[in-house]
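Residue-level listing of the chains:
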Amino acid sequence: MKKDCPFNIFFLRPMTQKSFVLTQTQSKNHSGFTLLELMVTVAIIAILAAIALPSYSSYITKSQAKSAASDLVALSLVVERNYLRTLAYTAPSPNPTTTTAETKTYATDWQPSADSFDYTVSGTMNSATPPKMTGYTLTATGKTGTRNAGCTLTLNQANTRTISGGTTCGGMSSW
């Protein structure tokens, strides 16, 4: 066997000089990715993105609605704490509040965690003279132009919770 003719490792036979040169040039030219490999990779990433993005969007919508629900519970705790201090509900001014800023003025210790909802307080007044507030209804309404527009959550003094809005509330049916 000649010394200058290397062996083909896979078949354990001597390689000719021509096949040896072809093997060396092929391995040098085969570096990087082909266009087909890149296109397959891009297609796989596009399919994964098409599946993941709607799911992520739904997750964000639902988390914002749950955040509004927790804000309503926190607001009810402030209202009930004020009731325990004075043994009477204090009516908001104006009654009902129409903006989150008015609600924050009414419940000074309360701060909403997100700004995608408007929060209002409505006091239920009796017919006595002078009228007294006998209950309340807290409402979180999704702001126009946000993904939660049309979502409405309510909570009253009896801890009755309602939700309306379907998909704008992230598909939540109760809270």
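Residues numbered from 1 in each chain as written. Predicted model: local features only at pLDDT ≥ 70, side-chain atom pairs only at ≥ 80, totals over all residues. Heavy atoms only, no water.

1. Observations regarding the packing of aromatic side chains
Using the following cut-off: Planes of paired rings set the category: under 30 degrees apart is stacked, over 60 is edge-to-face and the rest tilted, where pairs are Phe, Tyr or Trp rings (Trp by its six-membered ring) whose centres lie within 6.5 Å. To sort residues, take the accessible area from a 1.4 Å probe on protein chains only and compare it with the maximum for the residue type: under 20% means buried, over 50% means exposed, and anything in between is partly exposed.
The tally for this structure, following the rule as stated, stands at four aromatic pairs. Between Trp110 and Tyr119 the ring centres are 5.2 Å apart and the planes differ by 75 degrees, which places this aromatic pair in the edge-to-face class. Like Trp110, the residue Tyr119 is buried in the burial classification. These aromatic residues form a ring-pair network of at least three members: Tyr83, Tyr89 and Tyr136.

2. Focus: the sheet that holds strand E4 (residues 133–142)
Two orientations exist for strands paired in a sheet by backbone hydrogen bonds: parallel and antiparallel. Note the cut-off: Strands are treated as partners if at least two bridges between them are detected by DSSP. Secondary structure elements follow DSSP: runs of H or I no shorter than four residues count as helices, runs of E no shorter than two count as strands, and numbering proceeds from the N terminus. Every axis in this analysis is a line fitted to C-alpha atoms, fitted for helices over the stretch in contact. Angles between the N-to-C directions lie between 0 and 180 degrees. By definition in these notes, contact holds between two residues if any of their heavy atoms fall within 4.5 Å.
If you walk across this open sheet you meet the four strands as E3-E4-E5-E6, and the pairing is antiparallel. In this open sheet, the two edge strands, each paired with only one partner strand, are strand E3 (117–125) and strand E6 (161–164). Going across the sheet, the axis of each strand differs from the next one's by a mean of 15 degrees, ignoring polarity. In this structure, E4 lies alongside strand E5 (residues 152–156), joined through five bridges in antiparallel fashion. Residue pairing in the sheet places Thr141 in a bridge with Thr152 of E5. Docked against the sheet, helix H2 (residues 35–86) engages E3, E4, E5 and E6, running at close to 160 degrees with respect to E4.

3. A closer look at the pattern of salt bridges
Let me state the cut-off plainly: A pair is scored as a salt bridge if a Lys or Arg side-chain nitrogen falls within 4 Å of a carboxyl oxygen belonging to Asp or Glu.
Scanning the entire structure with this criterion turns up one salt bridge. Across the pair Asp109 and Arg81 runs a salt bridge, and its minimum N-O distance is 2.2 Å. In this pair, Asp109 is assigned in the loop between helix H3 (100–106) and E3 and Arg81 in helix H2, connecting sequence segments 28 residues apart. A residue is classified by how much of its surface remains accessible, and Arg81, at 30% relative accessible area, is partly exposed.

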